[in-house]
Amino acid sequence: MKKFSNQNIAVLLFQTVSWIGSLVLLHRLESPVLKLGVLLYFCLMMQGVFSLMHDCIHGLGHHKKRLNYWMGMWTGVLFGTSYTLFEVNHHGHHVRNRTAPEIAEFILPGESRIRKTLVYYFAILGGIWWGSFLAMFFLPLVPYSLVRRLNKPGSSMNGYSLSFLSFSRDRWFRLRLESLATVMLYAVLIWFFELRLETLLMAFAAFAFTWSSLQWVYHLRTPLDPIEGAYNLRSLAPVRWLFLNFNYNLTHHRHPELHWQELHEKTDLRETQPSWYRYLMVFLPPVPLPQDLSVLEKRYF
């Protein structure tokens, strides 16, 4: 819808100004308290950058296909990754959700408890974002003829790896261009705004932790169903606005055609759990998959 397209352009402009402004303030502010406040805002706002990129992946950022792509690419720049890398991976997520490649919180038969636990905590403590960021430097060097070899079969938690089986030659070329453009733009911004590497590292390390630890908050300990294996979560209104309603993840899985602007209205708020409760669950260690899967039925409170 054109109305949502115009709103999304305005949101992206707001996010861009917030991105630059937050990084500049983190460099110039002297007060640790003010710096902490800016850092918290940066992390919350960047969740919304990911949410807008997510809408673009579903073709919902703008009703014009070309402009939708460029908006998605720019959100990828702000986020620190290739838009096409996330596009291919996310379409796979809607197919693989709550199947073995995306089961993180349960130890499947034959898996090592130690290895599963180490990989799990590496992922939620920032590894998911760092993997997508560092991919910009590594993946463009891989010839398309070798892309499928990047898939490393595993018993679980290998959804990212599986996505390399879905890349077309055109998409791999796009990934290369996006990665190069993002790296070059960061270099220009660092030079123009005289940004210090240690401050950038602090900002994006904080975001890496917050974003990575939120990636499975909607899906952990839910029914093993690609659509129903998700929760809608209640959040404070300002947080929900910055997240662009991404907390309504179950509604999105049921109706991926809905714009983020429609999710709140289409969600039954009685069919939710509080965000803080689900977030604390993220930090529990993986446990063996229960034999009685009925314990995974959703509960609302």
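For the structure itself, look to the data block above.
Residues numbered from 1 in each chain as written. Predicted model: local features only at pLDDT ≥ 70, side-chain atom pairs only at ≥ 80, totals over all residues. Heavy atoms only, no water.

S.K.: Hey, could you run me through the overall build of the protein chain in this one?
M.R.: When helices and strands are counted, the protein chain shows 12 helices and 4 strands. Taken over C-alpha atoms, the radius of gyration comes to 19 Å for the protein chain, in line with the 19 Å a tight globule of 301 residues would show. Across its three principal axes, the protein chain shows a C-alpha extent of roughly 60 × 50 × 40 Å. Evaluated residue by residue, the protein chain yields a buried proportion of 53% over its 301 residues. For the protein chain, the share of sequence-separated contacts (at least 6 apart) that also reach a separation of at least 24 residues comes to 75%. Taken as two groups, the 29 positive and 19 negative side-chain charges of the protein chain have centres that lie 4 Å from each other. (Helix = DSSP H or I, 4+ residues; strand = E, 2+ residues; numbered from the N terminus. Rg over C-alpha atoms; globule rule 2.2 N^0.38 Å. Buried < 20%, exposed > 50% of the residue type's maximum accessible area, 1.4 Å probe, protein only. Contact = heavy atoms within 4.5 Å. Lys, Arg positive; Asp, Glu negative; His and termini not counted. Charge placed at Lys NZ, Arg CZ, Asp CG, Glu CD.)

S.K.: Sorry, what's going on with the packing of helix α2 (residues 32–57) against helix α8 (residues 197–214) here?
M.R.: Between two packed helices, the angle of one axis relative to the other and the distance separating the axes together describe the packing. One way to put it is that α2 packs onto α8 with a least axis distance of 9 Å and a crossing angle of 55°. When the axes of α2 and α8 are compared, the pair comes out oblique. In this structure, α2 meets α8 at a crossing whose hand is right-handed. Of α8, the residues touching α2 (which contributes Leu39, Phe42, Cys43, Met46, Gln47 and Phe50) are Met202, Ala203, Phe204, Ala206, Phe207, Thr210, Trp211 and Leu214. (Axes fitted to C-alpha atoms, helices over the stretch in contact; angles between N-to-C directions. Parallel < 35°, antiparallel > 145°, perpendicular 65-115°, else oblique. Left-handed = near helix turned anticlockwise from the far one by under 90°.)

S.K.: What's the story with a nonpolar patch on the surface in this structure? I'm lost.
M.R.: Taken together, the side chains of Ile9, Leu13, Leu67 and Trp70 define a hydrophobic patch exposed on the protein surface, amounting to about 380 Å² of accessible area. If you list the elements that add at least two residues to the nonpolar patch, you get α1 (2–28) and α3 (65–79). On the secondary structure map, Ile9 appears in helix α1. (Patch = residues over 30% accessible without salt bridge, like charges linked within 9 Å, V, L, I, M, F, W, Y side chains within 5 Å. Areas by Shrake-Rupley, 256 points an atom, 1.4 Å probe, with all protein chains shown as cover. Salt bridge = Lys/Arg side-chain N within 4 Å of Asp/Glu carboxyl O.)

S.K.: I keep staring at the pattern of salt bridges and nothing clicks. Help me out?
M.R.: A side chain with one charge may pair with a side chain of the opposite charge, provided their charged atoms come close. Tallied over the full model, the rule gives 10 salt bridges. One salt bridge in this structure joins Glu228 and Arg254, with 2.8 Å as the shortest N-O distance. Taken together, the positions of Glu228 in the loop between α8 and β2 (233–234) and Arg254 in helix α10 (residues 249–254) put the pair 26 residues apart, joining distant regions of the chain. Arg254 gets classed as partly exposed once you look at its relative accessible area, which sits at 31%. Residues Arg254 and Glu271 are paired through a salt bridge, measuring 2.8 Å at the closest nitrogen-oxygen approach. Placement of Arg254 in helix α10 and of Glu271 in the loop between α11 (260–266) and β3 (273–274) is noted, with a sequence separation of 17 residues between them. Sharing partners across several salt bridges, the network here consists of Glu228, Arg254, Glu271 and Lys298.

S.K.: Please clarify how unusual backbone geometry should be interpreted in this entry.
M.R.: Most of the time, phi is negative for any residue but glycine, and the peptide bond is trans. We note that Glu194 has phi near 55°; this positive angle belongs to a residue other than glycine. Given a relative accessible area of 66%, Glu194 falls into the exposed group. In the Ramachandran plot, Leu244 falls in the positive-phi region, its phi being about 55° despite a non-glycine side chain. Within the fold, Leu244 resides in the loop between α9 (237–243) and α10.

Worth remembering: the numbers are spatial, not functional.
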